[in-house]
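Analysis of the macromolecular model
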2 protein chains.
Amino acid sequence: MSDIGKNASKNRRWVLASYPEGLPMLDNWRLETSPVPEPGPGEILVRTSFLSVDPYMRGRIAPGKNYTQGVGLGELMVGGGVGEVVASRHPAWKEGDIAEAMNFGWQEWVVLRPGQSGVLAVNRIDPALAPIQSSLSWLGMPGMAAYFGLIEVGRPKPGDTVVVSAASGAVGQIVGQLARLAGARTVAVAGGPDKLSWCRELGYDATVDYKAETDLEAAMRRACSDGVDVFFDNTAGPIHDAVMPNLAVGARIVICGRIALADQFGKPDIGPRFLSQFIVSRPSMHGFVVFDWWHRRDEALKRLAALHRAGKLRFKEDVIDGIERVPEAFIRLFRGENFGKQLVRVRV
Amino acid sequence: MSDIGKNASKNRRWVLASYPEGLPMLDNWRLETSPVPEPGPGEILVRTSFLSVDPYMRGRIAPGKNYTQGVGLGELMVGGGVGEVVASRHPAWKEGDIAEAMNFGWQEWVVLRPGQSGVLAVNRIDPALAPIQSSLSWLGMPGMAAYFGLIEVGRPKPGDTVVVSAASGAVGQIVGQLARLAGARTVAVAGGPDKLSWCRELGYDATVDYKAETDLEAAMRRACSDGVDVFFDNTAGPIHDAVMPNLAVGARIVICGRIALADQFGKPDIGPRFLSQFIVSRPSMHGFVVFDWWHRRDEALKRLAALHRAGKLRFKEDVIDGIERVPEAFIRLFRGENFGKQLVRVRV
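Remember, predicted model here, so these are calculated numbers, not experimental data.

In this section: the relation of the copies chain A and chain B. When chain A is fitted onto chain B, the two copies agree to an RMSD of 0.0 Å after a turn of 180° and an axial shift of 0.0 Å. Between the two chains, the operation in question is that of a two-fold axis. The overlap is high: 96% of the interface residues of chain A also sit at the interface in chain B, so the same surface is used on both sides.

The next point concerns the domain arrangement of chain A. Residue and element names in this part refer to chain A. The assigned domain composition of chain A is domain 1 (2-137 + 316-345) and domain 2 (141-291). Domain 1 and domain 2 are separated by 29 Å when their C-alpha centres are compared. Between domain 1 and domain 2, the contact holds 17 residues from the first and 19 residues from the second. Tallied by class, the residues present in the side of domain 1 that touches domain 2 amount to 8 nonpolar, 6 polar and 3 charged.

The next subject is the environment of L196 of chain B. All names here are of chain B. Its location among the elements puts L196 in helix 4 (residues 193-202). L196 gets classed as buried once you count the C-beta atoms within 10 Å, which come to 23. Spatially, the C-alpha atoms of L196 and G80 are 28 Å apart, while their sequence positions differ by 116 residues. Non-local contacts of L196, meaning those with residues more than four positions away in its chain, are made with A188, A190, T207 and D209.

Residues and elements named next belong to chain A. Axis separation between helix 2 (residues 141-154) and helix 3 (residues 172-181) bottoms out at 8 Å; the angle between their running directions is 40°. Between helix 2 and helix 3, the angle falls in the class oblique. Here helix 2 and helix 3 pass one another in a crossing that is right-handed. Together, P142, G143, A146, Y147, L150 and I151 of helix 2 and I174, V175, L178 and A179 of helix 3 make up the contact between the two elements. Classifying every residue of the contact of helix 2 with helix 3 gives 9 nonpolar, 1 polar and no charged.

Turning to helix 9 (residues 326-334) of chain A, a few remarks are in order. All names here are of chain A. Most of helix 9 is tucked away, with 7 of its 9 residues classed as buried. If you check which residues of helix 9 are buried, you get V326, P327, A329, F330, I331, L333 and F334. Packing partners of the buried residues in helix 9 comprise strand 1 (10-16), strand 2 (29-35), strand 3 (44-52), helix 1 (57-60), strand 15 (317-321) and strand 16 (341-345). Looking one or two residues beyond helix 9, the residue adopting positive phi is G336, at roughly 65°.

Okay, helix 8 (residues 297-309) of chain A next. All names here are of chain A. The terminal C-alpha atoms of helix 8 lie 18 Å apart, and with 13 residues this matches the ideal 18 Å at 1.5 Å per residue to within 8%. Burial in helix 8 covers these residues: R297, A300, L301 and L304. Buried positions in helix 8, seen along its axis, are confined to an arc of 90° and lie on one side of it. Relative to its buried face, helix 8 has exposed residues pointing more than 90 degrees away, namely D298, K302, A306 and R309. One or two positions beyond helix 8, positive phi appears at G311, with a value near 75°.

Calculation rules
- Residues numbered from 1 in each chain as written.
- Chains lettered and ligands numbered in written order.
- Predicted model: local features only at pLDDT ≥ 70, side-chain atom pairs only at ≥ 80, totals over all residues.
- Least-squares fit on C-alpha atoms with pLDDT ≥ 70 in both.
- Contact = placed C-beta atoms within 7 Å.
- Domains from an automatic or database assignment.
- Nonpolar A, V, L, I, M, F, W, Y, C, P; charged D, E, K, R; others polar.
- Helix = DSSP H or I, 4+ residues; strand = E, 2+ residues; numbered from the N terminus.
- Buried ≥ 20, exposed ≤ 12 C-beta atoms within 10 Å, placed from the backbone.
- Axes fitted to C-alpha atoms, helices over the stretch in contact; angles between N-to-C directions.
- Parallel < 35°, antiparallel > 145°, perpendicular 65-115°, else oblique.
- Left-handed = near helix turned anticlockwise from the far one by under 90°.
- Expected span 1.5 Å × (residues − 1).
- Arc of directions from axis to C-beta.

Here it is, written out as structure tokens:
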């Protein structure tokens, strides 16, 4: 392992310093320096190229119950990443391979143990297929969220009207394009002319600027004159409240994210409930977590890759440079400042 | 038709006098008297024996949009009923037959046109099978609501915990018994010791008195220590809010009724939303209207009748006498004063 020192002797890593109250702040994390770890038998040492920041991580830094275990104070912050194998003590991996995993953590170096299944799997990335950071975006977890959330839960039919909130985000971009391929009319909800313009380039049939509309419910009604058949909701909050009164009979609502409510994380979200709407329009509303679908990861990625090869899937990334800026990149998500999938390039 | 006059020359009928604001009041209807109608070719004249009052009727006397057409001011109030054929001009019907239909209206005499399908159908009732008013309760629309809502939408599995609100009501009684037959553990939520005692007699495994509990959410948590797998909700309101934080992963929520909110009908229902809960527990919430399942009426009634014959289905009725008292009977529903399925006996 003595050759590791040639590249770096230190591992910079972000640990959780405090639980955020509401929106995360920069001082919720602390940058620490530790020695570069050494891989044990069956392990590989990977130098991080890109880290992913995703809204789900907000749930991991709350002391309360969530769908999986959270990060303790002083512990390494969770997060997916992709990087190059620098040393291998696993027979199937060699130096120079590209490894992607959900459990990189916010750090420059990580020791991974290949051979585990599910969300703990270490995946080998083919750099000839797409830029390696795609494995953190359209050809990875966000792509899977779009694929399974839309196809299996939202179940769009030709002629359906599909509304997507955070439509230019990591998941929303893919949802809109898949819904269009499924024969649906697609309506993007996003903030600001640049994002809406990108949504139109992607093929969304209509766009609604939630920041510009004074009566968002009326704007949704105008954009969806036959009602909303599928609502893929990445935000909750005011967009949710504007879409719900516009449901068509039998609508499907996919609750994928709640980023608009991040400032009141852990507190009850008070506002109009829609139980009358549920009886009038008989929709079904489904909670969705992509990790429930991880056993079908290969299927989703194969199909997304094929669509990409055929020129039917486009994608925008928003890349920030430097391990120092991971918390900043994460916080951008909650302010809607990212334009496309937010990534951090750790090593150029 | 001259023999009709032997029995009665007048038809007393309730017309809508005003739209209720919130809870219905007695003066929202007006009792009028008209001549007994005469059946035309292909029609039958029926003398009402029992009328049904059901929560769904609240939606029919609102000026706003609902899932079907409402009652206009001055028009006959809608409602299902059952009665005896007094004169027939339809080849398949004869005097003395028992006819049940959704469109009796609140009146003593009705002319019906057999041969229509769906909710407009006139159904012949076999008085040897069960008391004829059963066709308005467990062997009719409420029974169908319980059957399809639970079996097709709630989809209980053996070992599931099934929570039913308004558990001693027309629909709830059947839901609890069907869920138990499906191998589920059943939890009744109702108001007051008499109703809970009846629920236990019906076989509910646990009961929660929503009127007696000061912390209903904690009471639900105690009663459902492994979480709620199926929530069959007839009430919305505080019971809904107490159950939702206690969902098990993958729970199904059937929104069948919202009677607890009848006092604020047409107004937004403001309170905690549960979108975080949706992401944590990935439930699905389904709006349910029994009329969507009407094409499978025969299947449900055949199965319910078989369970009843086998002694596996019990049912409590709450009968009030007199056409004069139909509005009163209806209003009892919204006060939780009925104990079992509320019926009005029009002719003893």
